[in-house]
Amino acid sequence: MKTILNYIGGEFTKPKGNSYLDVYDPSNAQVYAKVPDSDEADMQAAIAAAEKAFPSWSATSLEERHEFLMRISKRVEKDLEELALAESMDNGKPLKLARTVDIPRVASNFRFFATALMQFSSESHEMNGQAINYTLRRPLGVVGCISPWNLPLYLFSWKIAPALAMGNTVVAKPSEVTPMTAFLLAKICDEVGLPKGVLNIVHGQGTKTAAVLSTHKAVKAVSFTGSTKVGVDIATKAAPLFKKLSLEMGGKNPNIIFADCDYNKMLQTTLRSSFANQGQICLCGSRIYIEKSIYEKFKTDFVQKTKALRIGHPSEEDSDLGAIVSKPHFDKIMGHIKLAEQEGGRILCGGKPVHPDGNTDGWYIAPTIIEGLVSGCITNQEEIFGPVVTLTPFEGEQEALDLANNSDYGLSATIWTQNLGRAHRVARDLEAGIVWVNTWLLRDLRTPFGGMKNSGVGREGGLEALRFFTEPKNVCIDYSKT
Ligand code: NAD
């Protein structure tokens, strides 16, 4: 049994209440580790440590901060296999996915912001030969970073790296469902000599720990990725203190397929955008809209390809899908499938738990395709966040847009068409923060990342993240002759 510890003020510490939560391996439903069930006292200690570390960290040179972030990045690359194994075991995702996507992205998050901070500059505005304004961007102070379980270290580092790059000190709260790689990251930071208190990691339930970040005066900003429900709680509590907030929340993303698309590329990519990471990626396209003329062909081919996907133990190289992250989440997804049937949906494949290789203990669900549902039903409106997609036919651009935009969410969307004008028109009119045309999940870390409507407030990535973690101040200097 492994024991995870908090990382506060450069020390690995037990929770003050000496209480722990179970951590499960989703592939066999066994408890394999325990994680601190920290409380407000642990959080207060972490915030105090971050406050103490802020003056000297914020005074470090760009080169020093660049060097620390690069050292972390290189250590992540060196430990790739260990981190990938830990991520796969904690989350249930196929090891090959953790090895090729999650952990390499952690290394590039640190590398990207290490180099971005060296190139960062702020604006200046000259006034008719009379005065010059320049924008001074100072670090905020102590900032809170809260992340979810679906891409555990990938999203954790996506927040921590820009916050540290800009000279802030951090109190971070990884998901209690998948805490292992954040613990391993704390060890890496310790080993590369990151000064004490610059990064503090507190484990435990969000309501007892991370919620303190929303109400504590010393915490100047909260960067959160997770459910819209928790985002509402953070926004409500943080509003009276006028904290800076970056909220990356849920999605119910449309995947719009026009008849003139590159069919084979679309089919292969739609398989991934539907079921990668067991459909537990906020950017997965769970509402698939298909132009009527190719609906039956697409349905037949998509069902056939989906049935051929291999659901297996996350460690096996040929597993396309691994296990669902937790029992509560497994139950939630199964509940949604039942509800879809009650709403009149026809299950074309999947819809059931599976027991790969006779394993009856893990939480596995067969990739599920449903048709015959109306746009406004719960299945098409609520985020399921599992290997479940719906198929709906449409006729013409306007109907595709109406269906796609009929959602409280607005995170991402995908369009498949070879018609250039249509691609631009539909991209413009879609209510989504990110639109992919003829591809999915192709990411340039310099671009603004985030959602509209109930999917988010603010943007991460590139300059957006660097700016978020600073306080802009305008300095106006009159240089006119008196
Ligand atoms: P969640 O909202 O339940 O938890 C996210 C984090 O918030 C966890 O660390 C949790 O402990 C913490 N938390 C819980 N209650 C809190 C509170 N009251 N105050 C502060 N923090 C609290 O989300 P989850 O189930 O871990 O993750 C799945 C959700 O994340 C899905 O809705 C998914 O769409 C979303 N997500 C969004 C993005 C994006 O970029 N928009 C990316 C990944 C996941």
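Reading the values: rules and limits
- Residues numbered from 1 in each chain as written.
- Predicted model: local features only at pLDDT ≥ 70, side-chain atom pairs only at ≥ 80, totals over all residues.
- Heavy atoms only, no water.
- Pairing = 2+ DSSP bridges.
- Helix = DSSP H or I, 4+ residues; strand = E, 2+ residues; numbered from the N terminus.
- Axes fitted to C-alpha atoms, helices over the stretch in contact; angles between N-to-C directions.
- Contact = heavy atoms within 4.5 Å.
- Buried < 20%, exposed > 50% of the residue type's maximum accessible area, 1.4 Å probe, protein only.
- Expected span 1.5 Å × (residues − 1).
- UniProt positions renumbered as here; feature names shortened; annotations may be inferred.
- Salt bridge = Lys/Arg side-chain N within 4 Å of Asp/Glu carboxyl O.
- Near = heavy atom within 4 Å.
- Polar contact = N/O pair within 3.5 Å; in protein donor to acceptor, adjacent residues only side chain to side chain.
- Areas by Shrake-Rupley, 256 points an atom, 1.4 Å probe, with all protein chains shown as cover.
- Nonpolar A, V, L, I, M, F, W, Y, C, P; charged D, E, K, R; others polar.
- Domains from an automatic or database assignment.
- Phe/Tyr/Trp six-rings, centres within 6.5 Å; stacked < 30°, edge-to-face > 60°.
- Lys NZ or Arg CZ within 6 Å of the ring centre and 35° of its normal.

## Considerations on the sheet that holds strand S15 (residues 346-349)
- Taken in spatial order, the seven strands of this open sheet run S15-S16-S17-S14-S13-S19-S20, and their pairing is mixed. Two strands lie at the open edges of the sheet, namely S15 and strand S20 (434-437), each paired on one side alone. Adjacent strand axes in the sheet meet at a mean angle of 25 degrees when their direction is disregarded.
- Here five bridges tie strand S13 (residues 253-257) to strand S14 (residues 285-291), and the two strands are oriented parallel to one another. When the sheet's bridge partners are listed, Ile 257 is paired in S14 with Ile 290.
- In the packing of helix H14 (residues 420-429) onto the sheet, the strands contacted are S13, strand S19 (412-416) and S20, and the crossing angle to S19 comes to about 165 degrees.

## Describing unusual backbone geometry
- In this structure, Asn 128 is a non-glycine residue whose phi angle is positive, near 45 degrees.
- Classification of Asn 128 by relative accessible area gives exposed; the value is 79%.
- Look at Asn 438: it is not a glycine, yet its phi comes out positive at around 60 degrees.
- Considering the arrangement of structural elements, one finds Asn 438 in the loop between S20 and strand S21 (452-453).

## Considering helix H6 (residues 180-191)
- For H6, which comprises twelve residues, the first-to-last C-alpha distance of 17 Å matches the rise-based estimate of 16 Å (1.5 Å per residue) to within 8%.
- With nine of twelve residues buried, H6 lies mostly within the body of the structure.
- Here H6 has its buried residues at Met 180, Thr 181, Ala 182, Phe 183, Leu 184, Leu 185, Ala 186, Ile 188 and Cys 189.
- Downstream of H6 by a residue or two, Gly 193 has a phi angle that is positive, lying close to 85 degrees.

## Digging into the UniProt feature "domain: Aldehyde dehydrogenase" (unreviewed entry) in the protein
- Per the UniProt record, "domain: Aldehyde dehydrogenase" (unreviewed entry) is annotated on residues 13-475.
- A helix fraction of 41% and a strand fraction of 22% characterise residues 13-475, whose end C-alpha atoms lie 43 Å from each other.

## Considering the pattern of salt bridges
- Enumeration over the complete set of coordinates arrives at 30 salt bridges.
- The residue Glu 191 makes a salt bridge to Arg 75 at a minimum N-O spacing of 2.7 Å. You can see Glu 191 sitting in helix H6 and its partner Arg 75 sitting in helix H2 (residues 62-78), a full 116 residues away along the chain.
- For Glu 296, the salt bridge goes to Lys 299, with nearest N and O atoms at 3.6 Å. On the criterion of helical spacing, the pair formed by Glu 296 and Lys 299 is a turn pair, its members being three residues apart in helix H10 (residues 295-307).
- Three or more residues joined by partner-sharing salt bridges are found here, namely Asp 260, Glu 397, Arg 422 and Arg 425.

## Details of the site of the ligand
- Ser 147, Glu 176, Ser 227, Met 249 and Glu 383 are the nearest of the 30 residues found near the ligand.
- Contacts to the ligand include Glu 176, whose side-chain N or O atom sits 2.7 Å from an oxygen atom.
- In the model, a nitrogen atom of the ligand is placed 2.8 Å from a nitrogen or oxygen of the Asp 233 side chain.
- About the coverage of the ligand: the protein hides 90% of its 850 Å² of free accessible area.
- Of all the secondary structure elements, the ones that give two or more residues to the shell around the ligand are helix H7 (210-215), strand S11 (219-225) and helix H8 (228-238).
- Top element by residues in the shell around the ligand is H8. It accounts for three residues.
- Considered class by class, the residues forming the shell around the ligand number 15 nonpolar, ten polar and five charged.
- Residue contributions to the shell around the ligand reach at least three from each of two domains, namely domain 1 (2-249 + 455-475) and domain 2 (254-437).

## Considerations on the packing of aromatic side chains
- All chains considered together, the criterion is met by eleven aromatic pairs.
- Each ring, one from Phe 298 and one from Phe 302, has its centre 5.0 Å from the other, and the planes form 20 degrees; the classification is stacked. Taken together, the residues Phe 298 and Phe 302, both in helix H10 and four residues apart, mark about one turn of the helix.
- Phe 298 sits in the buried class, given a relative accessible area of 0%.
- Geometrically, the ring pair formed by Phe 468 and Phe 469 is edge-to-face, given 4.9 Å between the ring centres and 80 degrees between the ring planes. Accessibility assignment for this pair places Phe 468 and Phe 469 in one class, buried.
- Ring pairs connect the aromatic residues Tyr 7, Phe 12 and Phe 183, which therefore count as one cluster.
- Sitting over the face of the ring of Trp 158, Arg 105 holds its NZ or CZ atom 4.6 Å from the ring centroid.

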